[in-house]
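# Working through the structure, step by step
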Amino acid sequence: MNNKIIVAEVLSEQLKNVLSYDQILSLLENPKSVDHGDIAFPTFLLAKAFRKAPQGIAADLTTQLSSPSFEKVEAVGPYVNFFMSKKMISQTVLHEALSLGNHYGDASIGNHEAIPIDMSSPNIAKPISMGHLRSTVIGNSLGFILEKVGYQPIRINHLGDWGTQFGKLIVAYKKWGSEEAVKAQPINELLRLYVEFHERAEEDKSLEDEARAWFKKLEEDDAEAVHLWKWFREESLKEFNKIYDMLEVSFDSYNGEAFYNDKMDEIVNLLEEKHLLQEDQGADIVDLSQFDLNPALIRKSDGATLYITRDMAAALYRKRTYHFAKSLYVVGNEQTYHFKQLKAVLKEMGFEWADDMYHIPFGLITKDGKKLSTRKGKIVLLEEVLNEAVASAEKQIAEKNPSLINKEEVAKQVGIGAVIFHDLKNDRLNNFDFTLEEVVRFEGETGPYVQYTHARAMSILSKTTFTFDEASTYSLTDDASWEVIKFIQAYPEVILSAAEKYEPSVIAKHAIKLSQAFNKYYANTKILAEDEEKDSRLALVQAVTILLKEDLRLLGLHAPEKM
Ligand code: ARG
């Protein structure tokens, strides 16, 4: 149980007629310094009711409050400081963590309801970018976190497999491409063709018209156009799947933009019925001025639908198919305006559930200071980054633990895990740059550091025999273990906070702090010493392994037992 709740219960008993339980709870603070105990209660608000200075009230309260949950209660100026009983708390917390195991921290706020997560969603014929990597790993982790609090996540890869760029690709392929070249290196070659198209189109404007004509053919089901499109899509997916396999991410649906082609008419008809469509230079738009937004362009003058039209069809389809409680879109913050418009149009159409759609934006990552632009062909290839990370992990493992049996497997788990962890440890919205050396280090705030701490704790357990016994009590009263206990105690709240904020970094930060606290404990304590507290110390170590492993799982990482 949470310390604030324990303190609030005791205080509300004492202050029954003055403050409500909820008021007390909201007043409680976590003191910055350990010298001020675990929880502090400011008494300013009581001055009026008691007609007394806060200092005096604090002093009085300390003599009146007692509970086996407190080691001591102290007045410091206007504050009442509570020092929780390490014995009581550690006993409850260790028992809870060990008896629930990896279910410790589970919650049921999701009521088994569905929560589609639109994630990854790269564009066919283009490489997966660092941005898509972010969307993939954030979305994947959110899936695990939301599942832990009782939702049923549905991971959807809304592939960018439709749009005018396919017209361009077809033109470029027919003019400057070959089947062999595409087969040999699909994405590279398709990207090369795309880049070549843009270079040449700068000189020769007629290429754009040709591209438009081919896209139109594709929309009209022309056999050659459809054949080429399908082939580009398949070849691209094969390469995307290589990366998903490396990241060990899987999807429940690959329904991309093209899937909604036959669902566009319904959208346009609905808009017409509701008299929402307006003509603007031959195109159809929906006015969104009452939302303070620019009009949404629904259909171009040549009849082609747009990205937003397909997203409207997708939103409706997801509502009908999954009856979602909430619907998430893990997409870079450069698309914030798009999602504002999307929700606004759906609201205009009378779909109140549009309020349950959440854009989960994130900042930009650059590697070694380089930004990404597919157009110009300057691109950091994700597969290369992941391979480099694995190689670097392999090198470090060979130095640290040359006799490790499954070195290759562990190197993969560590190297790829490092990239994922680095991506998730920062608040989503931060922009950041990354260099591989920094990401795959075994020290500092990295994935390998957390994995290494977990392996170290496992190795302590392997040196002895400890089995948790429901009937035994395990408790610790020293200061070093208390720092660890606090992070174990906070776990259920950490999980809820990550779920409510859609923020995997909350989990990553917990994993780092718990690791740091545990390593300090480990350095200063003879864990295996034969005395009456040995089992309690081992219970603490086991709880740490459970939580670190679960933190890593929620982020999409493995927790190797040895490394
Ligand atoms: N394919 C898009 C891109 O790479 C992302 C799609 C995001 N999802 C969506 N439902 N709009 O920019």
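Residues numbered from 1 in each chain as written. Predicted model: local features only at pLDDT ≥ 70, side-chain atom pairs only at ≥ 80, totals over all residues. Heavy atoms only, no water.

Within the protein chain, the secondary structure is distributed over 22 helices and twelve strands. The burial tally for the protein chain puts 54% of its 563 residues in the buried class. Long-range contacts, defined here as pairs at least 24 residues apart, represent 72% of the contacts in the protein chain between residues at least 6 apart. With the model as given, the accessible surface of the protein chain reaches about 25600 Å², and the carbon-plus-sulfur share is 48%. Put simply, the protein chain has 65 plus and 86 minus side-chain charges, and the middle of one group is 3 Å from the middle of the other. (Helix = DSSP H or I, 4+ residues; strand = E, 2+ residues; numbered from the N terminus. Buried < 20%, exposed > 50% of the residue type's maximum accessible area, 1.4 Å probe, protein only. Contact = heavy atoms within 4.5 Å. Areas by Shrake-Rupley, 256 points an atom, 1.4 Å probe, with all protein chains shown as cover. Lys, Arg positive; Asp, Glu negative; His and termini not counted. Charge placed at Lys NZ, Arg CZ, Asp CG, Glu CD.)

Strand order in the open sheet made by the three strands is 1-3-2, with antiparallel pairing throughout. Of all strands in the sheet, those with a lone pairing partner are strand 1 (39-42) and strand 2 (70-76), marking the two edges. Strand-to-strand twist in this sheet, taken as the mean axis angle between neighbours without regard to direction, amounts to 20 degrees. Bridging between strand 1 and strand 3 (residues 79-84) involves four bridges; their strand directions are antiparallel. Within strand 3, the position partnered with isoleucine 39 by the bridge is phenylalanine 82. Across the sheet, helix 1 (residues 3-14) touches strand 1, strand 2 and strand 3, and the angle it forms with strand 3 is around 125 degrees. Relative to strand 2, helix 4 (residues 54-64) is tilted by about 160 degrees, and along the sheet it contacts strand 1, strand 2 and strand 3. (Pairing = 2+ DSSP bridges. Axes fitted to C-alpha atoms, helices over the stretch in contact; angles between N-to-C directions.)

Along the chain, glutamine 451 falls in helix 18 (residues 447-462). Discounting residues that sit within four places of it in the chain, glutamine 451 has contacts with Gln413, Val414, Leu552, Leu557, His558, Pro560 and Met563.

This brings us to the nonpolar core. If you look at the biggest cluster of nonpolar residues, it comprises 151 residues, and the most contacted ones within it are Leu11, Phe41, Phe82, Leu146, Phe232 and Ile488. Once residues within four sequence positions are removed from consideration, isoleucine 488 is found in contact with Val93, Ala97, Tyr104, Leu514, Leu540, Ala543, Val544 and Leu547. In this structure, Tyr260, Ala314, Leu316 and Phe324 belong to the second largest nonpolar core, which totals 32 residues. (Core = buried A, V, L, I, M, F, W, Y, C linked by side-chain atoms within 4.5 Å.)

Attention now moves to the packing of aromatic side chains. Evaluated as defined, the whole model comprises 22 aromatic pairs. When the centroid spacing of 6.1 Å and the interplanar angle of 90 degrees are considered together, the rings of phenylalanine 44 and tyrosine 79 count as edge-to-face. One end of the pair, phenylalanine 44, is in the loop between strand 1 and helix 3 (47-50); the other, tyrosine 79, is in strand 3, with 35 residues separating them in the sequence. Ring centres of tyrosine 244 and phenylalanine 251 lie 4.8 Å apart, and the angle between their planes is 70 degrees; on these two criteria the pair is classed as edge-to-face. Here tyrosine 244 and phenylalanine 251 have matching classes, each one buried. By the ring-pair criterion, three or more aromatic residues cluster together here, those being Trp162, Phe215 and Trp229. Above the plane of the ring of tryptophan 214 lies lysine 217, whose end atom (NZ or CZ) is 4.0 Å from the centre. (Phe/Tyr/Trp six-rings, centres within 6.5 Å; stacked < 30°, edge-to-face > 60°. Lys NZ or Arg CZ within 6 Å of the ring centre and 35° of its normal.)

Under the feature "domain: DALR anticodon binding" (unreviewed entry), the UniProt entry names residues 450-563. Secondary structure content for residues 450-563 is 68% helix and 0% strand, and the end C-alpha separation is 11 Å. (UniProt positions renumbered as here; feature names shortened; annotations may be inferred.)

Our focus in this paragraph is the site of the ligand. Near the ligand, the surroundings consist of Asp118, Ser121, Asn123, His132, His158, Tyr307, Asp311, Tyr329, Val331, Gln335 and Phe339. Within the contact set of the ligand, a nitrogen atom lies 2.8 Å away from a side-chain nitrogen or oxygen of aspartate 118. Aspartate 311 is positioned such that a nitrogen or oxygen atom in its side chain is 2.7 Å from a nitrogen atom of the ligand. Relative to its free-state accessible area of 350 Å², the ligand is covered by the protein chains to the extent of 89%. Taken together, the residues of the shell around the ligand break down into four nonpolar, five polar and two charged. (Near = heavy atom within 4 Å. Polar contact = N/O pair within 3.5 Å; in protein donor to acceptor, adjacent residues only side chain to side chain. Nonpolar A, V, L, I, M, F, W, Y, C, P; charged D, E, K, R; others polar.)

Let us look at a negative patch on the surface. The grouping of Glu384, Glu388, Asp433, Glu437 and Glu438 at the surface amounts to a negative patch. Mapped by element, the contributors of at least two residues to the negative patch are helix 15 (382-400) and helix 17 (436-439). Tracing the backbone shows glutamate 388 in helix 15. (Patch = residues over 30% accessible without salt bridge, like charges linked within 9 Å, V, L, I, M, F, W, Y side chains within 5 Å. Salt bridge = Lys/Arg side-chain N within 4 Å of Asp/Glu carboxyl O.)

With antiparallel pairing, three strands are arranged side by side in an open sheet as 6-7-8. Each of the sheet's edge strands pairs with one partner strand only, and the pair in question is strand 6 (277-280) and strand 8 (296-299). Each neighbouring strand pair of the sheet contributes to a mean axis angle of 45 degrees, computed without reference to strand direction.

A word on the packing of helix 9 (residues 186-203) against helix 10 (residues 206-219). Each packed pair of helices is defined by two parameters, the angle between the axes and the distance between the axes. Contact pair helix 9 / helix 10: the axes reach a minimum separation of 7 Å and the direction vectors enclose 130 degrees. Considering their axes alone, helix 9 and helix 10 lie oblique with respect to each other. Contacts from Phe197, Arg200 and Ala201 of helix 9 reach helix 10 at Leu207, Glu208 and Ala211. (Parallel < 35°, antiparallel > 145°, perpendicular 65-115°, else oblique.)

Let's shift gears to the pattern of salt bridges. The final tally for this structure, using the stated rule, is 31 salt bridges. Where aspartate 118 meets arginine 318, a salt bridge forms, and the shortest distance between an N and an O atom there is 2.9 Å. Of this pair, aspartate 118 sits in strand 4 (residues 114-118) while arginine 318 sits in helix 13 (residues 307-322), and the two are 200 residues apart along the sequence. This pair shows no difference in class: aspartate 118 is buried, exactly as arginine 318 is. Measuring nitrogen to oxygen at the nearest pair gives 2.9 Å for the salt bridge that ties glutamate 550 to arginine 553. Linking glutamate 550 with arginine 553, this pair stays in helix 22 (residues 534-555), spanning three residues, or about one helical turn. Three or more residues joined by partner-sharing salt bridges are found here, namely Asp106, Lys148, Glu550 and Arg553.

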